[in-house]
Structure formats: C-alpha cells, structure tokens
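Listed below are the residues making up each chain.
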Amino acid sequence: MTRPGGVWRNWGRNQHVRPVRVERPASVDAVRRAVTAAAARSLRVKAVGSGHSFSGIAVAPDVLLDLGELRGVVDVDRDRARVTLRAGTPLWDVPRLLAPYGLAMANLGDIDRQTIAGAISTGTHGTGARFGGLSTQVVGVTLVTAGGELLTIDDEAQHPELLAAAALGLGALGVLVEVTLQCVPAFLLEAVERPDPLEDTLAALDARAAADHFEFYWFPHTDIAVTKTNTRLPESARRAPIPRARRFLDESVMANGVYRATCAVGAVVPAAVRPVNALAGRTFGNRTYVDHAPRVFTQRRTVRFREMEYAVPVETLPAAFRAVRELIDRSGWRISFPIEVRVAAGDDRWLSTAHGRDSGYIAVHRYWREDPTAYFGAVEEILAGLGGRPHWGKEHGLDAVALRERYPRFDDFVAVRDRLDPDRVFANPYLDRVLGE
Ligand SMILES: Cc1cc2nc3c(=O)[nH]c(=O)nc-3n(C[C@H](O)[C@H](O)[C@H](O)COP(=O)(O)OP(=O)(O)OC[C@H]3O[C@@H](n4cnc5c(N)ncnc54)[C@H](O)[C@@H]3O)c2cc1C
C-alpha cells in the first residue's frame, strides 16, 4: 500500500518501493492513456492489487497503477452463470455482487483481501482435490497491452489459444481491466474443524483429501494436525453459523490473538514455542458449523507473517511433509507458525503450480519480525528437489532456468510475452528473474 512519502509496501512488509509515479485510473481509457504515456517515456508500468504478495511480483519501480477505482460488475450472463468483473474488484466484495444472481465463486483461498486480478495473476488457490485454483474459474479477460490496445481473450471466439496464458499471467502480459468468471450456484459449506493425531492424518491423507475441501495445519514441535473438512451443501440446506460472538472469539481472540502472543513471545523466548504450540494445536479448531461458502473458506488474518509455499505432485505430499518435519525436528529452530497443507486438481493454465498434475501444497510461515531466510531456504531445498513449483506470489529463490524445467509450457508463455510486451513495459526485477529479461 502506498504510504505518505510515496513508499509502497506489501502486506508482509518485506517488499518496498518508491515508484516514480502513482496513478489511479478510474476508467479503461485512463488505463490505456497511462500505459501509452509511460511507454512513450520508457517507463515501466505495474498494476498492483491489494499488495498481498510476499514475492516482489507487484513491485513497481516506475509507474504504479492502482486499479482500486475499477471495481464492480460489468456484465452478467445469467443463462451460463458467467459474470464479468472490473479487474480491481476485491474478493471480499464478490459475494455481495453475485448474491442478486444466486451465484458464487466455485472455490476460494484462505482470505478475501486480494483483488480478482491480483489473485488470478499469481495462481492463488484454495483446497479441494477436485477443484483448481482461482484462475481455472476464468473464462475471459480484457487487458491493455503495451501498445495501449485493448485485447479481449475468451474461451470461445476471441483468441482462445491465449486464455491459458492470460488467466494466470503474472502481470507480465498487460494490465487486466476485466475478468469473466464461470460461477456456480451459490452454496453452503458444512465445516468440521478438529485437532487430529498428525500420523493418523498423514496415513489417511488420500481418503481425507477426497472430501470436497480438506486441509490441515500442523503446529511444529507437536503431534497434532488441526484438520478442516468442508462439505458442499445446496443453498436450501439449513444454515447453522457460528454465532457472531463465538466467531469473533475464535478468530480474533483465540486464533489471531493467541498467534500474536505466541509469535511475540517465541521471537524473544524460543523455548516457549513448543509448549505454546501444543496448547494452540489442542485449542484451535474444534467446531462444526454450516454457512455461506465465502464465510467458511476465508478468515481474517490479523497477525502479520511471511510465507513460502510449494506445490508438489500430490502422491509425494506425505513424503514431502515428513521431510520438512524431520528438518524442523533436527534443526533446533523454534517455529511458532503452523505449516498449512492443501490439495488441488491439476489444470491447464500454463504457469499454474498445478499445471498438468494433481498437486499437494505445503506452506511455511514465519512471524514477520523473525528472519525466515534459513528456514525457508532449507524447506525450499527439499521441496524444489522433489520437483516442486513455488507459488508466484510467495517468497522463493528460483530463477527462469530452474522454473523452465518445471513448466512444460514455459517457453510458450515467454513467446506470448514477447509478442504482447516486446519492450518489457510490464517488467520488474522479479519478472526479470523468474521469466528472464
Ligand atoms: C494473509 C495472506 C493470505 C493468503 N492466502 C492465500 C491462499 O489461501 N492461497 C493462495 O494461493 N495465496 C494466498 N495468498 C497470496 C495472495 O493470494 C497472492 O499473492 C495474490 O496475488 C495477492 O493479490 P493482490 O490483489 O494483493 O495482488 P498483488 O500482490 O498486489 O499483485 C500480484 C500480481 O498481480 C498483478 N496484478 C494486479 N492487478 C493487476 C491487473 N489489473 N492487471 C495485471 N496484473 C495485475 C501484479 O502486477 C502482480 O504481478 C495470501 C497472502 C496473504 C498476505
């Protein structure tokens, strides 16, 4: 977010930049003018969303385009349940916008603070063995190219061969101004959250992950997995939401408040982490409720952290997890933040972490005041060694050489980039590293 003095920083507080200029275009034409003017002065342009990426992907050294004014519904195709949103629409507003049509997004990640353009551009995903990441819900986009032209891409008549690149484009192909989503009828989720023995959870991972949406959190230095199993129900089913006061208690006081205390104490007294994690693992997540899907998928995150996440072939997930656990056990580190484990269906987006393979995700976090370098580096060595692909919006150390090996369509993506942005108007140092200059 841009601060007084013109410095932009991300949510994780590990990326900072003072752009040459910040622009807040309120129309598509204003976006086109901004891109054309910048290109004419040989300035690079970067559209930013909510700044929720931990990697340098949204860093805008020259012209920062804040599309916060470009939000809301452009068009609804009721017959086909397709909704076109302006690209700066925040995910938290989408349920309200879709409610009049009885529609919902098929799956979501853990939070809803991101913009739709930012979320799809980095491959944001939730969990569910039969569900892909958010970019798989995209059936069309309109973007402003480096030449200031409008380019519409969809799954039918308009450049359909480019959709698999443009729906998850790392912000490298142009400025998205509209995104069309294939929605589904609004639905409820029954959520069962409970602490389970870690070894039982790993041993039964295949069966448990066959649920609509399964994930677990492991608190390092404990034998407990906090499991979350969400089952899809029709809107006609009976809601049994957590009372507002209990939700506040669970999420604000228990989850986030205890985290904050744990992390703050752990940063100063590492020995306290083990007993506090054991307590946290037993205390968090022991509840069953039914509510509208977006309210179940997403939570508030008020404790700041830094994160790295890798996708591995789903069949290697238990072994990958055990290797990370052994690393932590023998390292002597005291890790206060839980490790999150999720799954997703393979998809066809060229730069999706789940491209062509069903995937398991392992996400490691560190309290933002602690240096994650050694921890993330050692975990990365394990997961990258297993053919893992790093989340584009989270911290990692891979470059274009290493990434090309992991993505069969990498060169096809670069060819589209060469065509749409030959002068690298939309480049930044992160894209130079991961895609090449
Ligand atoms: C607390 C927290 C929880 C998270 N939970 C999850 C999770 O559950 N699952 C998951 O997969 N990820 C998760 N993330 C990561 C997050 O979803 C991604 O990093 C996402 O990209 C952030 O969206 P944003 O709107 O903040 O985009 P930004 O970080 O601002 O930008 C991301 C990228 O999108 C590009 N972009 C933005 N707008 C446009 C546009 N209009 N046109 C072209 N390019 C554009 C930017 O240039 C940049 O390349 C989480 C992050 C945080 C901080």
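Given the structure is predicted, the values throughout are model-derived calculations rather than measurements.

A separate point is the overall build of the protein chain. The helix and strand tally for the protein chain stands at 14 helices and 20 strands. Along the three orthogonal principal directions, the C-alpha set of the protein chain runs to about 60 × 50 × 45 Å. Burial analysis of the protein chain (437 residues in total) assigns 58% to the buried set. Look at the contacts in the protein chain between residues 6 or more apart in sequence, and 73% of them connect residues 24 or more apart. Accessible surface, the protein chain: about 17300 Å² in total, of which carbon and sulfur atoms supply 52%.

Note that strand S13 (residues 187–197) and strand S15 (residues 224–234) share 11 bridges and pair antiparallel. Looking across to S15, one finds that Glu 190 is bridged to Thr 231. Across 6 bridges, the pairing between S13 and strand S16 (residues 287–292) is antiparallel. Within S16, the residue paired with Val 192 across the bridge is Thr 288.

Moving on: the nonpolar core. Ranked by internal contacts, the top residues of the largest apolar core, which has 92 residues, are Phe 216, Ile 339 and Trp 392. Counting residues per element, this core draws most heavily on helix H11 (residues 373–385), at 7 residues. Two domains each put at least three residues into this core: domain 1 (73–185) and domain 2 (187–390). Beyond its immediate sequence surroundings of up to four residues, Trp 392 is in contact with Ser 55, Ile 57, Thr 122, Leu 168, Leu 170, Leu 351, Leu 403, Tyr 407, Tyr 430 and Val 434. Counting 16 residues, the second-largest nonpolar core is a separate cluster that includes Ala 38, Val 63, Leu 70 and Val 425.

Here we take up the domain arrangement of the protein chain. Examined at the domain level, the protein chain breaks down into domain 1 (73–185) and domain 2 (187–390). If you look at the interface, domain 1 gives 30 residues, while domain 2 gives 26 residues. For the pair domain 1 and domain 2, the summed buried surface comes to about 2400 Å²; carbon and sulfur atoms form 55% of the total. It is Asp 110, His 125 and Thr 127 that lose the most area in domain 1 upon contact with domain 2, and together they represent 28% of the buried surface on that side. Counting the contacts that link domain 1 with domain 2 gives 3 salt bridges. Between Arg 301 and Asp 110 there is a salt bridge, and its shortest N-O distance comes to 3.6 Å. Connecting domain 1 to domain 2 are 14 residue pairs in polar contact (both at pLDDT 80 or more). Mapped by element, the contributors of at least two residues to the side of domain 1 that touches domain 2 are helix H4 (163–166) and strand S12 (184–185). A total of 3 residues in the side of domain 1 that touches domain 2 trace back to one element, the largest contributor, which is H4. For the side of domain 1 that touches domain 2, the per-class residue count stands at 17 nonpolar, 9 polar and 4 charged.

On to the sheet that holds strand S19 (residues 359–367). With respect to topology, 8 strands assemble into an open sheet ordered S16-S13-S15-S14-S18-S19-S17-S20, the strand pairing being antiparallel. Every other strand in the sheet has two partners, leaving S16 and strand S20 (389–390) as the edge strands with one partner each. The pairing of strand S14 (residues 213–218) with S15 spans 6 bridges and is antiparallel. The residue bridging Trp 218 from the neighbouring strand is Ala 225, located in S15. On the sheet, H11 packs against strand S17 (305–313), strand S18 (339–344) and S19 and is oriented at approximately 10° with respect to S17.

Turning next to the packing of aromatic side chains. Pairs of aromatic rings are described using the distance from one ring centre to the other and the angle between the two planes. The final tally for this structure, using the stated rule, is 10 aromatic pairs. Relative to Phe 54, the ring of Trp 11 lies with its centre 6.1 Å away and its plane at 90°, an arrangement referred to as edge-to-face. Separated by 43 residues along the polypeptide, Trp 11 in the loop between strand S1 (8–9) and strand S2 (16–17) and Phe 54 in the loop between strand S4 (45–48) and strand S5 (63–66) bring together distant segments of the chain. Each of the two residues, Trp 11 as well as Phe 54, counts as buried. Measuring from ring centre to ring centre gives 6.3 Å for Phe 187 and Phe 297, while their planes differ by 75°; the resulting arrangement is edge-to-face. Taken together, the residues span a long stretch of sequence, with Phe 187 in strand S13 and Phe 297 in helix H9 (residues 293–297) at a distance of 110 residues. Residue placement shows Arg 304 over the ring face of Trp 11; its charged tip is 5.3 Å from the ring centre.

Our focus in this paragraph is the pattern of salt bridges. A complete count under the given rule lists 31 salt bridges for this structure. Between Asp 66 and Arg 24 there is a salt bridge, with the nearest N and O atoms lying 3.4 Å from each other. Residue Asp 66 is located in strand S5, and its partner Arg 24 is located in the loop between strand S3 (21–23) and helix H1 (28–40); the two are separated by 42 residues in the primary sequence. According to the relative accessible area criterion, Arg 24 is partly exposed, its value standing at 49%. One salt-bridge network, in which partners are shared between bridges, spans Asp 110, Arg 301, Glu 307, Glu 309, Glu 340, Arg 342 and Lys 394.

The next thing to look at is the layout of surface pockets. Estimated volume of the second largest pocket: approximately 230 Å³. What lines the second largest pocket is a set of 17 residues, and nearest its centre among them are Thr 84, Val 139, Gly 140, Asp 154 and Thr 180. Those elements that place two or more of their residues in the lining of the second largest pocket are strand S6 (73–77), strand S7 (82–86), strand S9 (138–144), strand S10 (150–154) and strand S11 (175–182). Considering each element in turn, the lining of the second largest pocket owes the most residues, 4 residues, to S9. When grouped by side-chain class, the residues that make up the lining of the second largest pocket number 3 nonpolar, 6 polar and 8 charged.

Quick notes on the rules
Within each chain, residue numbers correspond to sequence positions counted from 1 in written order. Confidence filtering applies because this is a predicted model: local features only for residues at pLDDT of at least 70, side-chain atom pairs given and counted only at 80 or more, and all residues used for totals across whole chains, interfaces and linings. With hydrogens and water stripped out, all remaining heavy atoms of the structure feed into the side-chain values. Numbering of helices and strands runs from the N terminus, with a helix taken as a DSSP run of H or I at least four residues long and a strand as a DSSP run of E at least two residues long. Each residue gets one of three labels from its accessible area relative to the maximum for its type: buried under 20%, exposed over 50%, partly exposed in between, using a 1.4 Å probe on protein chains only. Note on contacts: a residue pair qualifies if any of its non-hydrogen atoms lie within 4.5 Å across the two residues. The protein chains shown are the only cover counted for residues, whose accessible areas, like all others here, come from Shrake-Rupley with a 1.4 Å probe. Two strands are counted as paired when DSSP detects at least two bridges linking them. The term nonpolar core refers to a set of buried residues drawn from Ala, Val, Leu, Ile, Met, Phe, Trp, Tyr and Cys, joined through side-chain atoms within 4.5 Å. Reported domain spans reflect what an automatic or database domain assignment gives. The term buried area means the drop in 1.4 Å probe accessible area that two parts suffer when joined, counted for both and summed. Whenever a carboxyl oxygen of Asp or Glu lies within 4 Å of a side-chain nitrogen of Lys or Arg, that contact is scored as a salt bridge. Polar contact criterion, stated in full: a pair of N or O atoms within 3.5 Å, where within protein one must be able to donate a hydrogen and the other to accept it, and residues adjacent in sequence count only if both atoms are side-chain atoms. Asp, Glu, Lys and Arg are counted as charged, while Ala, Val, Leu, Ile, Met, Phe, Trp, Tyr, Cys and Pro are counted as nonpolar; the rest, among them Gly, fall into the polar class. Only the stretch in contact is used when fitting a helix axis, every axis being a line fitted to C-alpha atoms; angles between N-to-C directions are given from 0 to 180 degrees. Pairing of aromatic rings covers Phe, Tyr and Trp, the last through its six-membered ring, and needs centres within 6.5 Å; plane angles under 30 degrees mean stacked, over 60 mean edge-to-face, and all others mean tilted. When the NZ atom of lysine or the CZ atom of arginine is within 6 Å of a ring's centre and also within 35 degrees of its normal, the charge is said to sit over that ring. Think of a 1 Å grid over the protein atoms and nothing else: a 1.4 Å probe that fits but is trapped marks a cavity, an open set flanked by protein within 12 Å on at least five of seven lines marks a pocket, and residues with an atom within 4 Å of a point count as lining. Grid points are joined across faces, edges and corners, and a volume is the space filled by probe spheres set on the points.

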